[in-house]
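Descriptive structure summary
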Amino acid sequence: GKLPDEAADRLRGSGYEVAYFIHNSGAYGNQVFSGQITMSFDLMLDPEQPGRLNLYMRGSSGEFGLLSVADGKIRLNGTDVASIRPGTWQQVVLAFEAGDVASPLIQVTVRSQDGKETAATVPSATPTLKDVGMLGFSAAGDGTGIMCLDNVTVARVKDGKSETPI
């Protein structure tokens, strides 16, 4: 449950030390206009220097979701979803419907490595969700925190068929 010192030293001296941002650069197309979108990833905060994480979800109607990990909590659009203990892996799964959806809801499930599961359904930050155009990770903070991400997947189910990546 701890990032090896060698890996932590490499991060401290790299350009990724303060923040890292990933977004859809068009490699898989531009926007997703319909279907059930599921995003999942595994997350572990360093037990000695826990970092912070923000996951931004946007479409043409604006930002519809902000998942944040800070101060021992996982929050979605300001709603506390689960507590997180540094040094242990958590699986985070987000699911929502893309398309011309009024009052969209985002389902979030957090599973700890000991099998405990916490789930919540949280309203989107925007009143409609027409499309998904950007999912972005940002490592917020002052550059001293460390977190690990693994097994990042994004998939769409449309007409009963799963597409990975979208």
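The structure this text deals with has already been given above.
The present account deals with the structure reproduced in this document. All values derive from a computational prediction rather than experimental measurement.

Across its full length, the protein carries 1 helix and 14 strands. In the protein, which comprises 166 residues, the proportion classed as buried is 41%. Counting only contacts in the protein whose residues sit at least 6 apart along the sequence, the fraction spanning at least 24 positions is 66%. For the protein, the accessible area works out to roughly 8,800 Å², and carbon and sulfur atoms hold 49% of it.

Under the criterion given, the structure shown has 2 aromatic pairs. Taking 5.4 Å as the distance between ring centres and 85 degrees as the angle between the ring planes, the aromatic pair formed by Phe41 and Phe137 counts as edge-to-face. With a gap of 96 residues between them, Phe41 in strand E2 (residues 35-45) and Phe137 in strand E12 (residues 134-138) connect regions that are remote in the sequence. Plain terms: the ring middles of Phe64 and Phe96 are 5.2 Å apart, the flat faces sit at 65 degrees to each other, and that makes the pair edge-to-face. Here Phe64 is found in strand E4 (residues 62-70), whereas its partner Phe96 is found in strand E7 (residues 90-98), with 32 residues between them in sequence.

Of note, the phi angle at Asn77 is positive, near 50 degrees, even though the residue is not glycine. Position of Asn77 relative to the elements: it lies in the loop between strand E5 (73-76) and strand E6 (79-83). Owing to a relative accessible area of 26%, Asn77 belongs among the partly exposed residues under this scheme. A positive phi is found at Asn151, a non-glycine position, where the angle reads about 55 degrees.

Relative to the helices and strands, Ser34 is located in the loop between strand E1 (21-22) and E2. Among the residues examined, Ser34 registers a relative accessible area of 23% and is labelled partly exposed. It is 7.1 Å that separates the C-alpha atoms of Ser34 and Glu97, two residues lying 63 residues apart in sequence. Discounting residues that sit within four places of it in the chain, Ser34 has contacts with Ala98, Gly99, Arg156 and Lys158.

Turning our attention to the pairing of strand E10 (residues 117-123). Where strand E9 (residues 105-112) and E10 come together, 7 bridges link them in antiparallel fashion. Bridge assignment links Ile106 to a residue of E10, and that residue is Val122.

So, how was this worked out
- Residues numbered from 1 in each chain as written.
- Predicted model: local features only at pLDDT ≥ 70, side-chain atom pairs only at ≥ 80, totals over all residues.
- Heavy atoms only, no water.
- Helix = DSSP H or I, 4+ residues; strand = E, 2+ residues; numbered from the N terminus.
- Buried < 20%, exposed > 50% of the residue type's maximum accessible area, 1.4 Å probe, protein only.
- Contact = heavy atoms within 4.5 Å.
- Areas by Shrake-Rupley, 256 points an atom, 1.4 Å probe, with all protein chains shown as cover.
- Phe/Tyr/Trp six-rings, centres within 6.5 Å; stacked < 30°, edge-to-face > 60°.
- Pairing = 2+ DSSP bridges.

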